[in-house]
Amino acid sequence: MSIIKIDKLVKNFGKGENEVKVLKGLNFEIEKGEFVSLMGASGSGKSTLLYLIGGLDKPTSGTVYINDKDINTLKEKEMAKLRRKDIGFVFQFYNLVQNLTVEENIMLPVVMDGKKEKDYKDRLDKILSIIGLSDKRKNLPNELSGGQQQRVSIARAMILSPNIILADEPIGNLDSKSGKEVMDLFKKINKEEGITILQVTHSEESAKYGNRIIRLKDGEII
Amino acid sequence: MKIILKHILRNLKEHKMRAFLIFFSLLVSTSVFVISLTISDDLTIKVEDTLRSVYGNAEVQVATVDPFKLDDLKMNKDKYSYLGMSSLDGVDAKEKPISILGMDIEKAVDFKLLGNDAKKLALNEIYINKNLEDKGYKKGQVIKLKYEDKEYNLTIKGVIENKGIASIRPDDDTFFASIETVNSIKNIEDGNYDTIYFDLKNNNKIGEFVDYIKDHNDNYMVAKTVDMESIKEATSMISTIMYLILLMATIMIYFVISSLNKIILAERIPVIGTFRSVGASRTKMNLILVLENALYGIFAGLFGAIIGTYLDSYCSSVFITADGIDVAKSSVSLSVGTILIGILFATLLQIIIVVKEIIRTNKKPIKDLIFNTQNSRYKMRKKRTVIGFILLISSIILFVLIKNIDMLTIGVLLICFIVGVANTLPLIFQLISKCLAYIFKKIGWSTGIITSKNIGYNKMIISSSRLVVIAISLLSSIILMSKATADCFTGFREVTKNVDLMISNPHKSSEEYDYLNDIDGVKEVQFLNSYFADDITYTKGKNKNKKFNLPPGFYAEKERKNVYIEEIDYKISDLKDDEILFDEKYAFKNNIKKGDKITMHFGTLKKSYTYTVKGFVNASNFNVSRNMVVVSYNHLINDLNGIPMQLHIVLDKGYDPDEMKDVVHDAMKEVGIYVQTTEEYISEQEGQVAGIIAIVYLVIGISVTLAFIGILNNQVIGFINRRKEIAILNSTCMNKTQIKKMLALETILSNFISLFIATIVSFITTIFVNNFMMNIGLYLNIKYDFMTVFKFELIVYILLLLTLFVPFRKLKKMNIVDEIKYE
Ligand SMILES: Nc1ncnc2c1ncn2[C@@H]1O[C@H](COP(=O)(O)OP(=O)(O)O)[C@@H](O)[C@H]1O
Ligand SMILES: [Mg+2]
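Residues numbered from 1 in each chain as written. Chains lettered and ligands numbered in written order. Predicted model: local features only at pLDDT ≥ 70, side-chain atom pairs only at ≥ 80, totals over all residues. Heavy atoms only, no water.

Here we look at the overall build of chain B
Part 1 of the reasoning: Assigned secondary structure in chain B consists of 23 helices and 21 strands.
Part 2 of the reasoning: Taken over the C-alpha atoms alone, chain B extends approximately 110 × 60 × 60 Å along its principal axes.
Part 3 of the reasoning: Relative to its 823 residues, chain B shows a buried fraction of 54%.
Part 4 of the reasoning: Carbon together with sulfur atoms contributes 58% to the accessible area of chain B, which is approximately 37,700 Å² in total. (Helix = DSSP H or I, 4+ residues; strand = E, 2+ residues; numbered from the N terminus. Buried < 20%, exposed > 50% of the residue type's maximum accessible area, 1.4 Å probe, protein only. Areas by Shrake-Rupley, 256 points an atom, 1.4 Å probe, with all protein chains shown as cover.)

What follows is the structure, encoded as structure tokens:
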């Protein structure tokens, strides 16, 4: 059983003369526990595909199945729940809430899920040690380096033990040393926690961390 | 949830200025709300307390000029206690008028009509009031009293406190004696009184008792000492004015807060996106944002209720001017109820203002939120513009069409009109911006072209302009209203230009004042004749025993001297005894037309007269309520009231009114009269209005501050939002000086247009306000005084131009590379 299944996925932007066909009927599957890298030129539709899988955007036609469920049939509340529990997001620009501390940022999904924070204390400690920021837990995001901030956002994506992490150019904004640290972290959580990872990347080097590469060109898989 | 709360609190902390502004706006609105809510009750209680402290247990007062006995009165109750009084006006050895009140002193203390210190008096023993003590009279002294050519020696037993009836005229010279003393001087039998007070012993049928006496006895003045109905009637007008101020303040605050809120949300969009991406549902996100806003409401409501309660006691003391009586000080009591209502009001108001925008923001796809695809371009929504236009036009049309419009409708129409203006404004701005762009293109001025495009399409500019238009037009109306209030005595002042002294509260008919002409320096004595009573009803055709919106005041004149009442279509001197003229506004309000036959029933006089309405007059010089009718002099003097309301004295040239005031007062052997110079009289009247105006100016001051800070804030955030745009302009085609020019031109032009539109809008809102005031019976005659509005707008304009310093400073500090790094 595949954890992600894409069926004839089409996405167009704009209308009439301005219509841009970005994704032209994609089909692929990702199995549980895979670490897949999505590559392609700028503007080839990588981010668009990622957002469709994460339910941040709606396809023009075609279907996205997560755990065999057509996510288009989910109601807004169920969709929010899916994002909370099954999918973790990591963005290029970290997207941390600036006035919350590292641990508060990581705990946000727990709060949103209506769970008690103290039930997740052990998990928080564990994740903080995985990302290597146990000593920075009380700091605010702007007191951290870019690589550290990105690790916090990965921790946030992991806190509720999701099945999938979707990462859009997670190291696109980092220097090579920080980038390597983040990629090592992904590898580690993929192995140790069994989390399926789909990352968008430009670099052939970081693509090698995964076990499979999907290449996009002009809206099609090559 | 703790994390969310922390996040919210830190948001507030990080934007102190904005948080404070919203908090303060809500605070103002809540305070005014609390005042409007409680002032009427508070005033009622204060007046009631005051009257109760004067009259003690006495609930009903029955009085006549000639002495009467208790048995003479036909009454429908036998369970009561009563206190009879007999009084006389005499003079002392120096011919100064002195009045004596005779009563059973011990019983009066029981009735709480006198303070506890008063004890029983023997024959020819008296107490004196504080006023006489101040003049040097002492205990043990013997005073000569002259009454009807006989002299009596009275011994002072002590000084009485300024309590109960002794506090009614603290400035008069008054003796208190036993009833036997007074009756023996007056040479009448025991058991005769000229006033009887009744205590009905907690019987709540006081009204019935009063009505029965009125109906079954002739020639008595019968009244409740504390008439709650008339007190309530008088206080409700004041709370209505407060509601009008509340309405306007709230509309203004609505726009201040909603523009702030839009900015806050716009800035927070990426954070909202992040929350959503980690799994917050739309509803949850809405809740978080609403909660944040509710916090403002809760705190502002709490403090607003406290401030409102304290201001309320200030406001109500401003409004009370019971003649000569010290007003009871109500202890300020802040109730839990008031606090809860205040919090509820502020919270609801805040949530109502922001909720629509919150929901609208959250409707956007998460992707757009995270990457903040917002731009600073204003997107006009056709539906809103059309609805705005319909509201604008229909509110004006309805206002013109509906005759005898009521207050609530005016309030609703005013809101519709303002909302209509707010929604059509973007279209107007875009049209003007197109015209300007066309003109600048013709001239070939590139900065002008860019600027004029910004004016029509930049979100911040449109939002600030909307704020300016609404705030300034409403404030202009309030200013004109308060100006008209301040001017409401100018008519009277003008008419009485040649009058030097005014004597109020005379007791005798005009012929008996002939002697005043003999005083050196008095050139002429004029009489103001009128009759006021609040128990007048009328019958017109099928309408039997109807009440007027305000009871009419009857006016008549022997000859035309001063134009207190302006003639319109009929000469006052031509009036026959069964003819009447109505003030035009008063007639309109009560639906009375020329030629109507109308029967007036005078409750106190127990008479009815039928009149034919011959025409109209303008009584605006006489009083602002304009509830005046004019009848023939003969009829007024013989049938309604033979005693003039006021005596007006014209002095010979070279006599100083201030000196003559005392001369005339001494010459008049009469107790209870007030002699004032015309200036004193009018200032006293104006003083009563000054309090209201002070409050109005307070509200204006706060509102201007709010609107100004709001606009300043818009400028700051507008600049932050446009940083990227400005940085790109700077890096590609414009230098900083050109950008400065563009920003300056934007501010100069957009605010000029806003104020221009505000002038037109204020013209209409002033008509609304004027009608509102007329509706509550105040014919302030609010004129659209262009110069006043212009001066006000000029000051505002200069202030608005000063806000430019904010973007100028930011521009100077701006580093372009930082701004466009992430592009
Ligand atoms: N909201 C949108 N409206 C119109 N076009 C869009 C929108 N989002 C993306 N596109 C277009 O879709 C194409 C793919 O974009 P994207 O998925 O961001 O590419 P990538 O992430 O591979 O660089 C681009 O040509 C982009 O211009
Ligand atoms: Mg991309």
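Having seen the structure, we can now continue with the description.
A word on unusual backbone geometry
Part 1 of the reasoning: Although it is not a glycine, A:Lys8 adopts a positive phi angle of roughly 45 degrees.
Part 2 of the reasoning: By the secondary structure assignment, A:Lys8 is in strand E1 (residues 2-13).
Part 3 of the reasoning: Backbone geometry places B:Lys112, a non-glycine residue, at a positive phi of 60 degrees.
Part 4 of the reasoning: Structurally, B:Lys112 is set in the loop between helix H3 (105-110) and strand E4 (125-128).
Part 5 of the reasoning: Relative accessible area serves as the criterion here: at 51%, B:Lys112 is assigned to the exposed category.

What to know about the interface of chain B and chain A
Often the size quoted for an interface is simply the accessible area lost on bringing the parts together.
Part 1 of the reasoning: Each side of the interface is counted separately: chain B has 29 residues, and chain A has 27 residues.
Part 2 of the reasoning: Taking both partners together, chain B and chain A bury about 2,500 Å²; carbon and sulfur atoms supply 61% of that area.
Part 3 of the reasoning: It is B:Ile3, B:Val278 and B:Lys367 that lose the most area in chain B upon contact with chain A, and together they represent 27% of the buried surface on that side.
Part 4 of the reasoning: Taken together, the links from chain B to chain A amount to four salt bridges.
Part 5 of the reasoning: Across the salt bridge formed by B:Lys6 and A:Glu104, the nearest N and O atoms sit 2.7 Å from each other.
Part 6 of the reasoning: Linking chain B with chain A are nine residue pairs in polar contact (both at pLDDT 80 or more).
Part 7 of the reasoning: Sorting the residues of the side of chain B that touches chain A by element identifies helix H1 (2-14), helix H7 (228-277), helix H8 (282-319) and helix H10 (366-370) of chain B as the ones contributing at least two each.
Part 8 of the reasoning: A per-class count over the side of chain B that touches chain A returns 14 nonpolar, seven polar and eight charged. (Contact = heavy atoms within 4.5 Å. Buried area = accessible area lost by both parts, 1.4 Å probe. Salt bridge = Lys/Arg side-chain N within 4 Å of Asp/Glu carboxyl O. Polar contact = N/O pair within 3.5 Å; in protein donor to acceptor, adjacent residues only side chain to side chain. Nonpolar A, V, L, I, M, F, W, Y, C, P; charged D, E, K, R; others polar.)

With respect to a positive patch on the surface
Part 1 of the reasoning: On the surface, B:Lys262, B:Lys356, B:Lys379, B:Arg381 and B:Lys459 cluster together into a positively charged patch.
Part 2 of the reasoning: Assignment of secondary structure puts B:Lys262 in helix H7. (Patch = residues over 30% accessible without salt bridge, like charges linked within 9 Å, V, L, I, M, F, W, Y side chains within 5 Å. Lys, Arg positive; Asp, Glu negative; His and termini not counted. Charge placed at Lys NZ, Arg CZ, Asp CG, Glu CD.)

Overview of the domain arrangement of chain B
Residues and elements named next belong to chain B.
Part 1 of the reasoning: One can read the domain layout of chain B as domain 1 (1-56 + 229-374), domain 2 (59-224), domain 3 (381-489 + 705-823) and domain 4 (506-672).
Part 2 of the reasoning: For domain 1 and domain 2, the distance between their C-alpha centroids amounts to 52 Å.
Part 3 of the reasoning: Contacts between the two partners involve seven residues from domain 1 and, on the opposite side, nine residues from domain 2.
Part 4 of the reasoning: Summed over the shared surface of domain 1 and domain 2, the result is zero salt bridges.
Part 5 of the reasoning: Counting the contacts that link domain 1 with domain 2 gives one residue pair in polar contact (both at pLDDT 80 or more).
Part 6 of the reasoning: Tallied by class, residues from the side of domain 1 that touches domain 2 come to three nonpolar, three polar and one charged. (Domains from an automatic or database assignment.)

Quick look at helix H20 (residues 736-775) of chain B
Part 1 of the reasoning: Over its 40 residues, H20(B) extends 56 Å from the first C-alpha to the last, a length consistent with the 58 Å expected when each residue adds 1.5 Å.
Part 2 of the reasoning: Where H20(B) terminates, the next one or two residues include B:Gly777, which has phi positive at roughly 90 degrees. (Expected span 1.5 Å × (residues − 1).)

Points about empty space enclosed by the protein
Residue and element names in this part refer to chain B.
Part 1 of the reasoning: Evaluated as defined, the whole model comprises seven cavities of 30 Å³ or more.
Part 2 of the reasoning: In this structure, the largest cavity occupies an estimated 240 Å³ of space.
Part 3 of the reasoning: Lining the largest cavity are 18 residues; nearest its centre among them are Ile461, Ser464, Gln715, Glu746 and Thr747.
Part 4 of the reasoning: Elements that contribute at least two residues to the lining of the largest cavity include exactly helix H14 (459-486), helix H19 (678-732) and H20.
Part 5 of the reasoning: Of all the elements, H19 adds the most residues to the lining of the largest cavity, at seven residues. (1 Å grid on protein atoms, 1.4 Å probe; cavity = no way out; pocket = protein on both sides within 12 Å on 5 of 7 lines; lining within 4 Å. Points joined across faces, edges and corners; volume = space filled by probe spheres on them.)

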